[in-house]
Each structure stands twice: as structure tokens, then as C-alpha cells.
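Fold and geometry: a report
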Amino acid sequence: MSQSQHILTAVAWPYANGPRHIGHVSGFGVPSDVFSRYQRMAGNKVLMVSGTDEHGTPIQVQADKEGVSARELADRYNRVIAEDLTALGLSYDLFTRTTTLNHYAVVQEIFKGLYDNGYVFPRTTMGAISPSTGRTLPDRYIEGTCPICGYDGARGDQCDDCGNQLDPVDLINPKSRINGETPKFVETEHFMLDLPAFADALGSYLQAKQGEWRPNVLKFALNLLGDLQPRAISRDLDWGVPIPLDGWRDRHDKRLYVWFDAVIGYLSASVEWARRSGDPDAWRQWWQNPDAQGYYFMGKDNIVFHAEIWPAILLGYNGEGARDGKPGSLGRLGLPSEVVSSEFLTMEGRKFSSSRQVVIYVRDFLSRYDADALRYYIAVAGPESQDTDFTWNDFVNRNNGELVAAWGNLVNRSISMAAKNFGAVPQVGDLTDADRALLASSKAAFAPVGAELARSRFKNAASQALDVVRDANRYLAEQEPWKLKGDPARQQSILHVALQVVDDVKTMLTPFLPTSSNKIYGMLGGEGVWTGMPEIREVGEEGGRDYPIITGDYAGAARWEHRPIAPGTPLAPPSPLFPKLDPKVVDDELARMGGG
RNA sequence: GGGGCGGUAGCUCAGCUGGUCAGAGCAUCGGACUCAUAAUCCGUGGGUCGUGGGUUCAAGUCCCACCCGCCCUACCA
């Protein structure tokens, strides 16, 4: 094992145009938190950052629809999302937003660095704008008749009927999906990121990741290299980060493209975190230390931005593309060590769709079920390596069978017996072969389970921890401590062994189940905090506005290691850890989904 | 159109660079037990590993073709 490392956990930024649903958090939220909690327990220095992504056309469109300003809309959903992610127990060191002055400053610094090195240049292009607002009309917001197959619901970027990629200029009878008006195609000047200049650098960067990244991510990224085009990183819109060049800075009709500013959020959030921690340069440990690792968590539709565009931006800022150059004033910045992408979650066989009520928002879910139950389900049955279907039936089965019947019951029966008979953690006497075997297999599980967690293979990790649970239940069935009233010494030894294994497994499940693991820690007499939980804090910014952030003190007692339990520690009769769900909730939830 | 993923027991899925790889969990059925949220434990059945070829001493595991499902295609994780 290596020494303590600096690990940046960069979590995809949820878009603040509405509340997030469980598909979103299964992609970026739960995986990144399980990973980060494990890394902290393993003794590494984790910096986990994210925030709400608040610029761009969809937010402006939604705000117009609701008759509020983009900022008001973003304020609203920033708070909703921050509250939901906190309730899920996601241990962000800083969860901020893209509308801070700090973020604007960092984004503009990166832009200038790219510009000074020659990787960003202006170009006049043809683009669609809305005649009534003058704003860029993204291709997806234009529909019309497909010039190839005649399908009349084709979008500007692609025809859903024949599958061909289109240019919106070619659409017959194009219309805006926002308000039905006919878009105007005009010449407009935009700044382009010179992606072809990074073809070689990106190629060698990605090649070096062979065997390390999930194969689908790497294949996808390598594939993109074949056709790199300069890409516009500005838009005709007033809701975004201003372009920091003379003659552009004060224009209200040109802003940086939302994705360009969003990925830079990982850096700006790190900078903000450092400043709030009292050491403004602390972020450098995660970005400029050659031994630091950066893990980026997201859903698969984000791969292009994290495996292609973000590395290109960093290379350009560092002056490491085909045009060379030198690092900007922040200094050389590290590229992602690994891009961890989840696949997609579907809902009862269908795509998530808020308009069709095929959705369950995080908030609604957590109003009826525990965060640990959702975290567990996503970790063991989520879209880790392929698209996965969420069904209420499966959720109830796994909750009742695995969390309640296997794990919760082991905890409950062990502590209950020990509390009832001895009122304390029992002494251990001579060990039998069976005792030793169980203790050894429990202790031996730390290494493989940890290794799987470090590789973001959460299903394997959880299932190996559950194997220990099954071993322990079998052990109790074989040893039958409840029959040994006449042999208290032996009875004590058995219960001691059982409790020790409960403690071990509690440790191994902590990344998945922080809340219930904290309870078990307390039940077994643990002092202080086992694993920290996030909280919302209201903060301000010099010259800016107040806003909520998620942060927390995660330096609890939790360590990724076997911890001997102490005989004599008082035990109280336990209460169940996980509520068993009535199978009727399946029907209730399906009915809630609008007729199922 | 281009790219990617998947098709293994009733269900959900493991099976990395080819040789105990035909598995796990759940569900079913039979039995045991009672400490525990009627939880637990033991046993049982069940698959020509999508289809057709090929390479090999040996193929879910590699190659080709095909069928089916899904996803991405750059402003819905």
C-alpha cells in the first residue's frame, strides 16, 4: 500500500434547472461519495468538490417560462439540490455554485491562459438565433422537417426518425421549440477552442490510461480523437460568464459557453475551498502535486467533456498542445487521473421523464425511505457498468432481504443477545476452530473489499462484505449460543466473536451506509463521531452575495481496518437499524407515477 | 449514418489476458431452528452461456456474419 495520497474527487455538477432525481444521483452522487468515504478511511487526503451548474440556455428558457429571472431560478434550485444532496449524506468538502465571483474569476483566468497560448481564437460562424430575444438558439431547440427522410419532427442536430445528423440550416420549415417562431440564421462571432491542436497530446494522455479506466470510457474517448474540430466556447446569451477581453468584457449578448465554465468549476471550487479553509494555496496540493490523483465521477453523457474537452483545456492552459506556450498565472494544472463514468438508470423500464411523471425526485424518495436504503440500492444494483432498470419491486426486495434480513438482523440478534444476557460486550475465552475461521475471514475481507472500492467496483465490494454477513449468520446458526445458558463462558466467547464481526462489517459498509454505521458504532460503545456527515452552511463572498454551501468535518474515527472491540463495554438492547418495507409500497409507488 | 454496450439458470447479475467456467444472490420446493424486524440456517431443482460459421489440442471467454434490446452522437446525470 502507498503512503497517504492527495485525492481530488471531482463530482459532476448538477444542472440547476429543476430538482434532481434518483437517476442523477446514481450517476455522480452515490458512487463519488462511496469512493471518497473509503479513501478517507484508508488514510488519504480527499478533497471532494462540486456545485450547481447554473448558466446556459436551458436555465434561461425555464426561467422565462416561469416568469422569473435566470438568477432567481438558479437560486431556487441551487438550494433545493444542495438540501437533497446533504440529505443523501454526500460528503462534499465543498459544494458550491457557478455563479460566484470566485468562479467567474477562475474561469476568466483559464480563458485568458488559453487565449494567450493561442488555443482560443475568434471565428465568424453561421448560427441560429431567436429573433425575439437575440439569443443563440441551440440546435436541439430547433425542429422542422428532415431534408433526408421528410420526417416532420426532426431536431436541428439530428433526425429521430432516420437517425442522420443534420445541420439546422438544412431543416425545411424550421421552428423554435421554445416559442414556435422561425429562427434567424445569422453570422455571429464566437471564440473557438482549438481541439485539433491537442490531438497528439490527448492521444498520448489517453493511451497511457489503457487498462486503468473502464474500457467503455476509454474507447469512447479514443474514438473521438479521430474527428477533432475547433469547438465554440461562447454563445449569444447574457446569462453566463463574461468574456474577459477588451471589447468583449462588457457585451451583454456574448458569454462563455456553459460547459466551458462548468468543468472549470472543479478548479474554482478547490480554490474556494482553500480560501475558506484559511490557507488560500491549499488547493495546489490536489492540482500541482505530481503524486495527487484526480477522480472524476459522472454519467456517461458527460464523458466527452471530461475525457476530451477538460483535458484539452488543461493542456492548453499548461501550454502543452501543438502550439506549446507556458502555464498561466495559476501554474501548471494536473489532468484527470481517471474518468469514472456510470451508465444510465431507467425507471420501471422507461427513460426518466419529468414531463411524463416517469421520475422519482431525491426529495420525494427521502421523504418516505432512508438515505442508506437508497445509497445501498444504487451501490449494489445501480448502473455501474451497464444501463440498469430501477424497479420498486427490486428496491423493496433488496431492502428487505439484504439490508433488513441479512445485515440488520445480524446486528440486531448479536447485540440483543449480548445485551440481554450480559449487558456488555462479553469476554472472550478459548477460541475454537470455527471462531478463528470466522474472525479470520472477516479480517481478511478488508483488503479485497477495499481494493474493489478503490477501483470504483462498488457491486463487487458490497457483495464481498455481504458474504461475511452470511458467514456470520451461519456461524450463529451452528454455534447456537441461545442454547448455552449452562455454559456462560462459551456463550460469551461466541457472542464476542459475533460482535467483533459485526464491528468489522460495519466498518466495511461505512462508505455505503454512513448513517446506520454511525449508529452501530454508538451501540458498541464508540465515542465521538465515526464518520462525518455533511451540513449546509450559509456563507458570503467579498463583494458578492450570500449562498448555501455543503461542507463538513469528515475526520471521524473511521479507519479502514479491523478494530478490536473492548469487553466490558456496556450494551443497551438495540432497536432495528433498517425499517422493513411493506410490499404494498410497490403498488403505491407505481400508482404515484401516474398510472404506471 | 457513425460510435458504444448488452443478450449466461424463473428474476437480477459475476465470469480479467481461452484450459474445474458452467457460478452467486433472490425466487420455488423440502427440512431445521427460535437469539433476532416470521428474521436465520441446511438441502433441492433449473441453463445446448442470442443464432450460424471459423481459429484452436481446448471457447460464454478470440475472429466473421447475422438477429434482438439499449445507449451516446457533443446544452437531460
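Each value, and the rule that gives it
Residues numbered from 1 in each chain as written. Chains lettered and ligands numbered in written order. Predicted model: local features only at pLDDT ≥ 70, side-chain atom pairs only at ≥ 80, totals over all residues. Heavy atoms only, no water. UniProt positions renumbered as here; feature names shortened; annotations may be inferred. Helix = DSSP H or I, 4+ residues; strand = E, 2+ residues; numbered from the N terminus. Near = heavy atom within 4 Å. Polar contact = N/O pair within 3.5 Å; in protein donor to acceptor, adjacent residues only side chain to side chain. Nonpolar A, V, L, I, M, F, W, Y, C, P; charged D, E, K, R; others polar. Domains from an automatic or database assignment. Buried area = accessible area lost by both parts, 1.4 Å probe. Salt bridge = Lys/Arg side-chain N within 4 Å of Asp/Glu carboxyl O. Buried < 20%, exposed > 50% of the residue type's maximum accessible area, 1.4 Å probe, protein only. Contact = heavy atoms within 4.5 Å. Axes fitted to C-alpha atoms, helices over the stretch in contact; angles between N-to-C directions. Parallel < 35°, antiparallel > 145°, perpendicular 65-115°, else oblique.

Chain A carries the name Methionine--tRNA ligase in an unreviewed UniProt entry, which gives Spongiactinospora gelatinilytica as its organism. Quoted verbatim from the Subcellular location (unreviewed entry) heading of the UniProt record, the comment on chain A is "Cytoplasm".

**Re the UniProt feature "short sequence motif: 'HIGH' region" (unreviewed entry) in chain A**
Feature annotation in UniProt places "short sequence motif: 'HIGH' region" (unreviewed entry) on residues 14-24, given in this structure's numbering. Across residues 14-24, helical content stands at 27% and strand content at 0%; the span's end C-alpha atoms are separated by 8 Å.

**With respect to the protein's contact with RNA strand B**
The full set close to RNA strand B counts 52 residues, and Arg235, Tyr257, Asp301, Asn302 and Lys580 are the nearest of them. When atoms of RNA strand B within 4 Å of the protein are sorted by moiety, sugar and phosphate together comprise 64%. In this structure, a sugar or linking oxygen belonging to RNA strand B sits 2.5 Å away from a side-chain N or O atom of arginine 231. Here a base oxygen of RNA strand B and a backbone polar atom of leucine 577 are 3.1 Å apart. For the surface near RNA strand B, the secondary structure elements donating two or more residues are α1 (22-41), α2 (57-66), α6 (215-224), α9 (303-318), α12 (392-422) and α15 (458-479). Here the residues of the surface near RNA strand B are counted per class, giving 18 nonpolar, 16 polar and 18 charged.

**A look at the domain arrangement of chain A**
Domain assignment breaks chain A into domain 1 (6-119 + 198-226 + 246-342), domain 2 (121-192) and domain 3 (405-528 + 559-577). Its C-alpha centre places domain 1 at a distance of 28 Å from the equivalent point of domain 2. The largest contributions to the domain 1 side of the interface with domain 2 come from Thr57, Trp248 and Lys254, which together make up 44% of the buried area. Where aspartate 64 meets arginine 135, a salt bridge forms, and the shortest distance between an N and an O atom there is 2.9 Å. At the surface where domain 1 touches domain 2, the tally comes to 3 residue pairs in polar contact (both at pLDDT 80 or more). Where the side of domain 1 that touches domain 2 is concerned, the elements lending two or more residues are α2 and α4 (101-116).

**Quick word on the environment of serine 4**
Here serine 4 shows up in the segment before β1 (6-11). Classification of serine 4 as partly exposed rests on a relative accessible area of 38%. On a C-alpha basis, the gap between serine 4 and alanine 322 in space is 35 Å, while along the polypeptide they are 318 residues apart. Contact partners of serine 4, with chain neighbours within four places excluded, come to Gly43, Asn44 and Lys45.

**Structural notes on the packing of helix α7 (residues 258-277) against α9**
Put simply, α7 and α9 touch, their axes get as near as 10 Å, and they point 85° apart. What the angle tells us is that α7 and α9 run roughly perpendicular. On the side of α7, the interface is formed by Trp259, Phe260, Val263, Ile264 and Tyr266, while α9 contributes Phe305, His306, Trp310 and Ile313. Its residues placed into classes, the contact of α7 with α9 shows 8 nonpolar, 1 polar and no charged.

**Focus on the pattern of salt bridges**
Per the counting criterion, the structure on display carries 34 salt bridges. Residue arginine 363 pairs with aspartate 84 through a salt bridge whose shortest N-O separation is 2.8 Å. With a gap of 279 residues between them, arginine 363 in helix α10 (residues 362-368) and aspartate 84 in helix α3 (residues 70-87) connect regions that are remote in the sequence. With relative accessibility at 36%, the residue arginine 363 sits in the partly exposed group. A relative accessible area of 5% means that aspartate 84 is categorised as buried.

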